[in-house]
Amino acid sequence: MPLLELNNIGKTFYINKKIKKKALSEITLHFQNTGLISVVGPSGCGKSTLLNLIGKIDNPSEGKLIFNQKNITKLSELEAAEYRRKNVGYVFQHYHLLEKHNVQYNLMLPLLLNGWSFNKAKKKAKSVATSFGINKDLLTKQCSLLSGGEKQRIAIIRAVINSTRIILADEPTGALDINNSIVIMDTLKKVSNKCLVIVVTHNIDLAYKYSDRLIYMSDGKVIKDESIANNDNEVCPKKANKITCHPNWYFPLLVKNLCKRMKRNVFTLLSLTICIFASMMVFGFVNGSNDSIDNYAKKQFNYCVLKINKEIQLINNNSPIILINNYRLNNAEINHISTLFENCHFELCYDALVGNVPIVKFNDEQIDGISFLPIFSYLNPAINNDLLLYGRIPNFDNLNQIIINKKAYIYLKNLLRAEPLNSFLYVESNRAFTFYTENPNTPYVTDFFVFGRFMEIVGVVDEIDFLNTPKIYYSYLAFDRYMEEAMVNNLSMVVGETSWKEQVAKATGNEEISGYSHYMFLKNGKEVNTVRELVNSSDKDFTISSSAIEVEDALFALVNAASIGMEVFLLIALIGTTLIIGLIAFASYSEDIKELAILLCLGARRDDLVSIYLFESTIVGLVGTALSFVLVLLFQNPINYLIFRLTALPNLIDIPFQQFYGRPFLFPLLIAVSTMLICLISTCLPLIFAKKISLSEELRSND
Ligand code: ADP
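Just so you know, these numbers come straight off a predicted model, no measurement behind them.

### Digging into the pairing of strand β14 (residues 359–362)
Every second residue of β14 is oriented toward a common face, the buried set being V360 and F362 and the non-buried set I359 and K361. Two strands pair when backbone bridges link them, and β14 and strand β19 (residues 424–436) are joined in this way by three bridges, in the antiparallel orientation. Along β19, the bridge assignment pairs K361 with Y426. As defined by bridge partners, β14 adjoins strand β15 (residues 365–367) across three bridges and the pair is classed as antiparallel. Its bridge partner lying in β15, F362 is registered against E365. Hairpin connection between β14 and β15: a loop of two residues separates the two successive antiparallel strands, and N363 in this loop has a positive phi of roughly 50 degrees.

Listed below in structure tokens is the structure:
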């Protein structure tokens, strides 16, 4: 039974899908188990194509190919790889060794690809090399440093080392001088005692001298098939090889590739590291900014002071205009809300009388742009005494002493060119009010709220700077007392003695006095958020306002806008990095195409080859992730400190390294997994496209 049968084989190449090139036609040849068979003929007659078909580098267009009684005409890519790995050894004119690797690794490759352990393969490579007379020193030499003759001998040993049944040699002596050619033909002859050796050659003399059979080809056809000497027909002893391919063979390749592309890999590593580092920082910013701003915003002297009222819409069916009236909360509402908070004071708001921007004068000169805001009491434990920067907090509630914030201090200092602390400001408010009296003779009375007094700046508080405005703080209790004592003069003449406080307390929506609000003085800052939640969840149209909350909201809006901006840039950077990784993997693959073709010839699977690049990217990804973790751990605190120095926002970047959604180390794990995915996908996608190149074309490239 012949080992190999070619029945009526033909091969047509299509160039641009239209032009056909018939490289082989009607080839019928049978080959026995052993012997050296030479194929000769002019260039372009189809010799190499014939070898490629036998070696399953290419598929025939017509006919049948039988190996060991099995039809192998059409094999899947995986089956062809297995066929090559187990049954075929190649020897090429240009050796096709892995030039960057040493002799030993080149010899070990077919064994490793067949699942041998590294150590066993090393031993076998040494013993086979010795049996072919290869010097031990040569084994550790890099292949690119060998002579042509040495390279070809190594190529032959590599072809036979796995005891394959067929050796295909394409012009094995084509690049060698006569002496080396003889050595090579001797070696092939020796090999042909144990397996089938098919040699394509131009050298008829050598072919005649060494071959058992000579096949002459011309124009894609066999024109003569001549036996020269008797074949031994010795059957090559072949063990059933059930070993599956083990990936241990590509680790040396991987290491070499990493070193070979060191600069490129470092570049990828850097861009990946920067990208992961930036991603974590942006995430830390998004994660930490809320808490940071929350804590930061509490650094306001009047943080616990809220103005609360009810909005009532007045809808007139005949008019498209909707009027909104602000009313005070009624007693039931006040009582209900008060019970929800610890130590909460509801007090009347006098803003409609005083306004929070009254006229402020220094030495008769008017100063604009300073707000005039209450705190409950200088003695209230709820106020943050820690904020005091200069001066003192008054030790009793009086209207003659005020506190200013740092913004106001700097503003006044620049404006007055004098030290504001212990200076006197004159604060005045003059407004006319008309009251309804129910007295038919004088139904309306107009009175004037006149307030004016010198106030001494006794303390400066170090509030947040960012987005804050100049502020003067006065004691509400002191002002409330003043309102109790100050008389409404014209109205008193009609209705009897009445104070401004009484009037404001009595005021209803029909009267022009009062802003119809209450002040809510809370004990601690945390309760401010609870009030906000309560107001939002209530079905009543309660509204709250506070200068401190306005600053806080402005900060949140700013940070949210910054987060969105950063996320967009980050996305662009991520896409860029993914493209870089993909491009570099593709470039590396294209660069190594010849090496990969050699590996395919030796029986490596394409998937394994892709794995080499996936591994390379994975290693880069892993190192990048580790590096970025180190960078984040190193830089998070200094960056936070810098931000704190510039904006006073504490711990703005808070990367949840240890706990994320209640699970320990979930965040670094997620980052590592996503990085790996990015690396794998960005490497895989371009290589999937690259896979479509045919093996025979790959072998021709760089030849
Ligand atoms: P030989 O080895 O005898 O010099 P080949 O087998 O390499 O010849 O080529 C036989 C013919 O087939 C040549 O004309 C060659 O140009 C053509 N040929 C070989 N491979 C391809 C291919 N992949 N695509 C197109 N034409 C090819």
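### Some details on the confidence of the model for the protein chain
Caution applies to low-pLDDT regions: their predicted coordinates should not be interpreted in detail. Confidence in the prediction of the protein chain, expressed as mean pLDDT, is 87, and 94% of residues score 70 or more. Counting interchain partners and residues more than four positions distant, the pLDDT-below-50 stretch residues 230–245 has 33 contacts.

### Side note on the sheet that holds strand β1 (residues 4–15)
Taken in spatial order, the four strands make up an open sheet running β2-β1-β4-β5, and their pairing is antiparallel. Single-partner strands in this sheet number two, and they are β2 (19–31) and β5 (70–71). In this structure, β1 lies alongside strand β4 (residues 62–67), joined through five bridges in antiparallel fashion. In the sheet register, L6 faces β4, and the bridge partner there is L65.

### What about the sheet that holds strand β8 (residues 196–200)?
Overall, mixed pairing links the six strands, which are arranged β6-β7-β8-β3-β9-β10 in an open sheet. At either margin of the open sheet sits one strand with a lone partner, and together these are β6 (88–92) and β10 (221–227). Put simply, the sheet's adjacent strands are angled 15 degrees from each other on average, direction ignored. Against the sheet, helix α1 (residues 47–54) touches β3 (35–40), β7 (166–170), β8 and β9 (213–218), its axis set at about 155 degrees to β7. Packed onto the sheet, helix α2 (residues 77–87) meets β6 and β7 and runs at close to 80 degrees relative to β6.

### So, the domain arrangement of the protein chain
Considered domain by domain, the protein chain is made up of domain 1 (4–97 + 146–227), domain 2 (247–297 + 555–700) and domain 3 (305–547). A C-alpha centroid distance of 100 Å is found between domain 1 and domain 3.

### A closer look at the packing of helix α10 (residues 262–297) against helix α20 (residues 606–647)
Packing of α10 against α20 leaves a shortest axis separation of 7 Å and a crossing angle of 40 degrees. The angle between the axes of α10 and α20 places the two elements in the oblique class. By crossing handedness, the relation of α10 to α20 is classed as right-handed. When the residues that make up the contact of α10 with α20 are grouped by side-chain class, the tally is 15 nonpolar, nine polar and one charged.

Calculation rules
Residues numbered from 1 in each chain as written. Predicted model: local features only at pLDDT ≥ 70, side-chain atom pairs only at ≥ 80, totals over all residues. Heavy atoms only, no water. Buried < 20%, exposed > 50% of the residue type's maximum accessible area, 1.4 Å probe, protein only. Helix = DSSP H or I, 4+ residues; strand = E, 2+ residues; numbered from the N terminus. Pairing = 2+ DSSP bridges. pLDDT = per-residue confidence, 0-100. Contact = heavy atoms within 4.5 Å. Axes fitted to C-alpha atoms, helices over the stretch in contact; angles between N-to-C directions. Domains from an automatic or database assignment. Parallel < 35°, antiparallel > 145°, perpendicular 65-115°, else oblique. Left-handed = near helix turned anticlockwise from the far one by under 90°. Nonpolar A, V, L, I, M, F, W, Y, C, P; charged D, E, K, R; others polar.

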